[in-house]
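Read off the chains here:
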Amino acid sequence: MENLSFVRPEYFYISGFTGIPFINYYFIFLIFTYIIAVFGNSFVAVIILTDRSLHVPKYLGIFNLALADIGETNALIPALIKTFFVDSQYISYDACLVNMFFVFFFSSVQALTLVVLAYDRFIAICLPLRYHAIVNNYFMSVVLIGVWSVCSAFNGTTVALITRLSFCKSNVVKSYFFMAKLCSTLFIYIPLIFIVLSYLGIFLALSKITTWAGRLKALKTCVSHLLAVGVFFLPIIITYFATYVSMSLSPNARIINTSLSNAIPSMLNPVIYVLNTKEFKYFKFLK
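These numbers come from a predicted model, not from an experiment.

**Some remarks on the nonpolar core**
Part 1 of the argument: With 32 residues, the main nonpolar core has Ile48, Leu114, Ile195, Phe232 and Phe233 as its most contacted residues.
Part 2 of the argument: Mapped by element, the contributors of at least two residues to this core are helix H1 (23-50), helix H2 (57-86), helix H3 (93-126), helix H6 (180-207), helix H8 (223-245) and helix H9 (251-276).
Part 3 of the argument: Setting aside its immediate chain neighbours within four residues, phenylalanine 233 contacts Ala111, Leu114, Phe187, Ile188, Pro191, Leu192 and Ile195.
Part 4 of the argument: Core analysis: the second largest hydrophobic core is formed by 26 residues, Met100, Val147, Ile162 and Phe187 among them.

Written out as structure tokens, the structure is:
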């Protein structure tokens, strides 16, 4: 007879983080990453909230990205640091699902927000005369609310479906979570395709500008976004590609690469937008 028993493990064991030389320095780096990411993104969010000149569609997107960075940082890094300080690689079933939801939720919000910002740049450069008619604060607010709603519904549904699975083989997992392939397709590859298509349109529009000075002036408005896209997508894609090419990639290498790929963008995004965007008037506070 078919075995109809339902197995739900009390805990999972995360393989990895064992036998790594100088692992203490890695966790010290994570602590600094956490501090810079939280304070940096909080700074960006506060500046956008308090400076009325920044209450425009582009900065609504950047504000949204800062909130997602803060959320992912708090969902990911404290859990890693707890693993180190408590010296335990066990995680309860419920805690694993909760942590999995929030990490993938905020990561998917980041990816879709970068798509929205790419669309903003596409309209600003390709249809400059119609920009304010197409992209306004109301439009951007509705789109960003849609981003949070879609990500919440998708990740919530996925986690709910996982609770209906029976884990009868093993409670040892080789990564943080077990729905990475589906999420990577929907929230990594597809968003990246849309961003690439947006910039193909942007570069085509730039080629029609007669002077190099005009092209550079328009391209400068995209520098911050391009850097944020590269910082977010490239490390994750390289890690996934290395995993697929080398099936023998050790759990230590996979977990460290994945954690850094998710943690570093949240730390660098506020630096990218503050240093590369003239509208941030934070230097006046230092004078």
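**What about helix H5 (residues 137-162)?**
Three- or four-residue spacings in an α-helix give side chains the same orientation, since the helix completes a turn every 3.6 residues.
Part 1 of the argument: For H5, spanning 26 residues, the distance from its first C-alpha to its last is 37 Å, which sits close to the expected 38 Å at 1.5 Å a residue.
Part 2 of the argument: Residues Met140, Leu144, Val147, Cys151, Phe154, Asn155, Thr158, Val159 and Ile162 constitute the buried set of H5.
Part 3 of the argument: Here H5 starts with a cap whose side-chain oxygen sits 3.2 Å from the backbone nitrogen of tyrosine 138, and that cap is asparagine 136.

**Some words on the side chain of glutamate 72**
Part 1 of the argument: Looking at the element boundaries, glutamate 72 is found in helix H2.
Part 2 of the argument: A polar contact is formed between the side chain of glutamate 72 and the side chain of glutamine 110, at a distance of 3.4 Å.
Part 3 of the argument: Once residues lying within four places of it in the same chain are set aside, the contact partners of glutamate 72 are Val103, Phe106, Ser107, Gln110, Asn262 and Ser266.

**Details of the UniProt feature "transmembrane region" (unreviewed entry) in the protein**
Part 1 of the argument: Look at the UniProt record and you will see "transmembrane region" (unreviewed entry) annotated at residues 25-49, 61-81, 101-119, 139-166, 186-206, 218-243 and 255-275.
Part 2 of the argument: Annotation note: span residues 101-119, helix share 100%, strand share 0%, distance between end C-alpha atoms 27 Å.
Part 3 of the argument: As annotated, residues 186-206 has a helix share of 100% and a strand share of 0%, and its two end C-alpha atoms lie 30 Å apart.

What counts, and at which threshold
- Residues numbered from 1 in each chain as written.
- Predicted model: local features only at pLDDT ≥ 70, side-chain atom pairs only at ≥ 80, totals over all residues.
- Heavy atoms only, no water.
- Core = buried A, V, L, I, M, F, W, Y, C linked by side-chain atoms within 4.5 Å.
- Buried < 20%, exposed > 50% of the residue type's maximum accessible area, 1.4 Å probe, protein only.
- Helix = DSSP H or I, 4+ residues; strand = E, 2+ residues; numbered from the N terminus.
- Contact = heavy atoms within 4.5 Å.
- Expected span 1.5 Å × (residues − 1).
- Polar contact = N/O pair within 3.5 Å; in protein donor to acceptor, adjacent residues only side chain to side chain.
- UniProt positions renumbered as here; feature names shortened; annotations may be inferred.

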